[in-house]
Amino acid sequence: LNDADGYDIHLPCGSYHQHYLLNNTLIAVGVIDVLPHCLSSVYSIYDPTLTPLLNLGTFTALREIEWVKRASRHRASLKYYYLGYYIHSCEKMKYKKEYGPSEFKCLKGCQWVSADEAVGRIERLSPLRHDCSLMEIKKDNDVDDVNGKVKLKGGRRKIWRQHNNSNSTANGTLSLVVNNMLIDVGGEERSEEEEESSAASLNSNSNRQSRA
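Report on the accompanying structure. Just so you know, these numbers come straight off a predicted model, no measurement behind them. (Residues numbered from 1 in each chain as written. Predicted model: local features only at pLDDT ≥ 70, side-chain atom pairs only at ≥ 80, totals over all residues. Heavy atoms only, no water.)

With respect to the pairing of strand β5 (residues 102-106)
Convention followed: Classification of residues uses two cut-offs on accessible area relative to the type maximum, computed with a 1.4 Å probe and protein chains only: under 20% is buried, over 50% is exposed, and between them is partly exposed. Only runs of H or I of at least four residues qualify as helices and only runs of E of at least two qualify as strands under DSSP, and these elements are numbered from the N terminus. At least two bridges found by DSSP between two strands is the condition for calling them paired.
The buried fraction of β5 is high, at 4 of 5 residues. Between the end of β5 and the start of strand β6 (residues 111-114), which pair antiparallel, lie 4 residues, with Cys110 showing a positive phi angle near 55°.

Overview of the pattern of salt bridges
Where charged atoms of side chains with opposite charge meet at close range, the side chains can pair. Rule in force here: The salt bridge definition used is simple: a Lys or Arg side-chain nitrogen within 4 Å of an Asp or Glu carboxyl oxygen.
One pass over the full model with this rule turns up 2 salt bridges. The partner of Glu66 in a salt bridge is Arg70, with the nearest N and O atoms 2.8 Å apart. Taken together, the residues Glu66 and Arg70, both in helix α2 (residues 56-71) and 4 residues apart, mark about one turn of the helix.

Concerning unusual backbone geometry
With the exception of glycine, most residues fall at negative phi, and the peptide bonds are largely trans. Of note, the bond from Gly100 into Pro101 is cis; its omega dihedral lies within 30 degrees of zero at 5°. Phi is positive for Asn24, which is not a glycine, with a value near 65°. Here Asn24 is to be found in the loop between β1 (14-22) and β2 (25-34). With relative accessibility at 75%, the residue Asn24 sits in the exposed group. Here the phi dihedral of Asn55 falls at roughly 50°; this positive angle occurs in a residue that is not glycine.

Encoded structure:
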């Protein structure tokens, strides 16, 4: 079922290891999940002696993106390439924002926003702790948009967190903000119900380790 260039575009949903060979020698492995609405890039492993010359991490990512573009012609629901978590303070993850157009999932507003907008807000509003909303939140008496926090009676504040996505000190003053990253690689426009279904699929997969 491969196409003319060797892409197995009819892979059913599931988890796979993609093997990359050079002269019949294994030089890289890409660990992926094929989901109804996206290909989730879980991890990549490659020969460290060859990657300075061949950029194997970039090559495997581009190969996966190309697979999504080709496979989406045969399944209308497939549209995205999912790169997993993005932590702005982690240097090893910053390569993810080089692919685009891409979006980050704002965990405070629960919506996808453009990567450029998200990174701009992080660097402008919370350059040290990276603890801010990635999107504009409607202001009222209870919400502080600049800090992305909820105001409580008596002037106290409560930071919005997901327990499995944050680290905190004993007094709760330090948090590590982890965002999801998604790349739109084309395909048919989807309804709001389909978008919600896609978000549910990604959330169920978010505990898997992402490409690092």
